Amino acid sequence: MNQEQLKKAVGRAAIDYLVDGEIVGVGTGSTANCFIDQLASVKHRISGAVASSEATRQRLASHGIAVYGLDEVDRLPVYVDGADEINSAMQMIKGGGGALTREKIVAAVAAKFVCIADGSKLVPVLGRFPLPVEVIPMALGHVTRELAALGGRPARREGFVTDNGNLIVDVSGLEIVDPSGLETRINQIVGVVTNGLFARRPADVCLLATAGGVRTLTAR
Ligand code: 5RP
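Read on for an overview of the structure. Keep in mind that this is a model prediction, so the values were computed, not measured.

1. Description of the site of the ligand
Within the structure, the ligand sits among 16 residues, and Ser30, Thr31, Asp84, Gly95 and Lys121 are positioned closest to it. Contact distances for the ligand include 3.3 Å between an oxygen atom and a backbone N or O atom of Gly97. If the ligand stood free it would expose 380 Å²; the protein chains cover 90% of that surface. Grouping the constituent residues of the shell around the ligand by class yields two nonpolar, nine polar and five charged.

Now the structure itself:
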């Protein structure tokens, strides 16, 4: 199976986690898009969706799926989203698509976070994928200097503005041995909106697509 087929396989597998009659939270990215396309065929089972980005909102709407704002829903039993990296504790780096802040907000509300990923995303230590950080524009210089002081190599994502009107700084060269500590530390830098470490609120389950089939992982 190629990577596209693996993404489709986990998109399909995540359908099993829908709660009938409820709203589902939907993430952003190419793997989440595979889930959205599968969701279209069972849309009668759910009462709608909450989107983690404008791109996801548009894709859901194009399939005729009702999209609600997060503040319009009382509860969110399940959130399905991809990841750039995930470790055995189900902690992730997210934000390759720049939607990390809304993704983190939706994940915080959801009762269950189902991560869907192909096998290449499972890593022993987070940090090979550059860590995305969403930054208020006027704080760019300050935040960049602070991130460099933490030992990383920060670089502004050129030509990119988030759905919230902010900038993304990608930090490479980090070997993240304490994901929760680093998540907190970076979020304390003034001007940071949030960073792409999902360690304090990890996934509850990861559906990992491999050549041998879809594996179901939980935290070790
Ligand atoms: C977007 C994300 C995505 O979940 C992450 O980048 C993975 O994307 P893909 O499924 O395209 O590999 O966090 O902000």
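2. A few points about the state of the cysteines
Taken as a whole, this structure holds zero disulfides when the rule is applied. Cys115 provides the cysteine sulfur closest to Cys34, a residue in no disulfide bond, and the two sulfurs are 13 Å apart. Exposure remark for Cys34: the relative accessible area of 9% places this residue in the buried category. Free cysteine Cys115: the closest other cysteine sulfur is in Cys206, separated by 4.3 Å. You can call Cys115 buried: its relative accessible area is 0%.

3. Let's talk about unusual backbone geometry
Non-glycine residue Met90 carries a positive phi angle of around 70°. Checked against the element boundaries, Met90 lands in the loop between strand 5 (85–86) and strand 6 (92–93).

4. Structural notes on the side chain of Glu183
With respect to the helices and strands, Glu183 occurs in helix 6 (residues 179–187). Setting aside anything within four residues of it in sequence, one finds Glu183 in contact with Lys104, Asn195, Leu197, Phe198, Ala199 and Arg200.

5. Let's talk about the sheet that holds strand 5
Strands belonging to one sheet form pairs held by backbone hydrogen bonds; the direction of such a pair is parallel or antiparallel. One open sheet holds the three strands; their spatial order is 5-6-12, and the pairing between them is antiparallel. Looking along the sheet, the strands with just one partner apiece sit at the ends: strand 5 and strand 12 (197–198). As judged from the two bridges shared by strand 6 and strand 12, these two strands associate in the antiparallel manner. Residue pairing for strand 12: Ile93 is matched across the bridge by Leu197.

6. Structural notes on the sheet that holds strand 4 (residues 78–81)
Taken in spatial order, the seven strands of this open sheet run 3-2-1-4-7-13-14, and their pairing is mixed. What marks the edges here is a single partner per strand, and that holds for strand 3 (67–68) and strand 14 (213–217). In this structure, strand 7 (residues 112–118) lies alongside strand 13 (residues 205–210), joined through five bridges in parallel fashion. If you follow Ala117 over to strand 13, its bridge partner there is Leu208. Contacting strand 1 (23–26), strand 2 (48–51), strand 4 and strand 7, helix 4 (residues 100–109) crosses the sheet at an angle of about 150° to strand 4.

7. Concerning the pairing of strand 1
Every second residue of strand 1 is oriented toward a common face, with Ile23 and Gly25 on one face and Val24 and Val26 on the other, all of them buried. Relative to strand 2, strand 1 is paired through four bridges, and the arrangement is parallel. For Gly25, the partnering residue across the bridge sits in strand 2 and is Val50. Between the parallel pair strand 1 and strand 2, the chain is carried across by helix 2 (residues 30–39), and the sense of this crossover is right-handed. Bridge count between strand 1 and strand 4: three bridges; the pairing is parallel. Counted as the bridge partner of Val24 is Val78 from strand 4.

About the criteria used
- Residues numbered from 1 in each chain as written.
- Predicted model: local features only at pLDDT ≥ 70, side-chain atom pairs only at ≥ 80, totals over all residues.
- Heavy atoms only, no water.
- Near = heavy atom within 4 Å.
- Polar contact = N/O pair within 3.5 Å; in protein donor to acceptor, adjacent residues only side chain to side chain.
- Areas by Shrake-Rupley, 256 points an atom, 1.4 Å probe, with all protein chains shown as cover.
- Nonpolar A, V, L, I, M, F, W, Y, C, P; charged D, E, K, R; others polar.
- Disulfide = S-S within 2.5 Å.
- Buried < 20%, exposed > 50% of the residue type's maximum accessible area, 1.4 Å probe, protein only.
- Helix = DSSP H or I, 4+ residues; strand = E, 2+ residues; numbered from the N terminus.
- Contact = heavy atoms within 4.5 Å.
- Pairing = 2+ DSSP bridges.
- Axes fitted to C-alpha atoms, helices over the stretch in contact; angles between N-to-C directions.
- Right-handed = clockwise from strand over helix to strand, strands pointing away.

The quantities given are spatial measurements derived from coordinates; they are silent on function.
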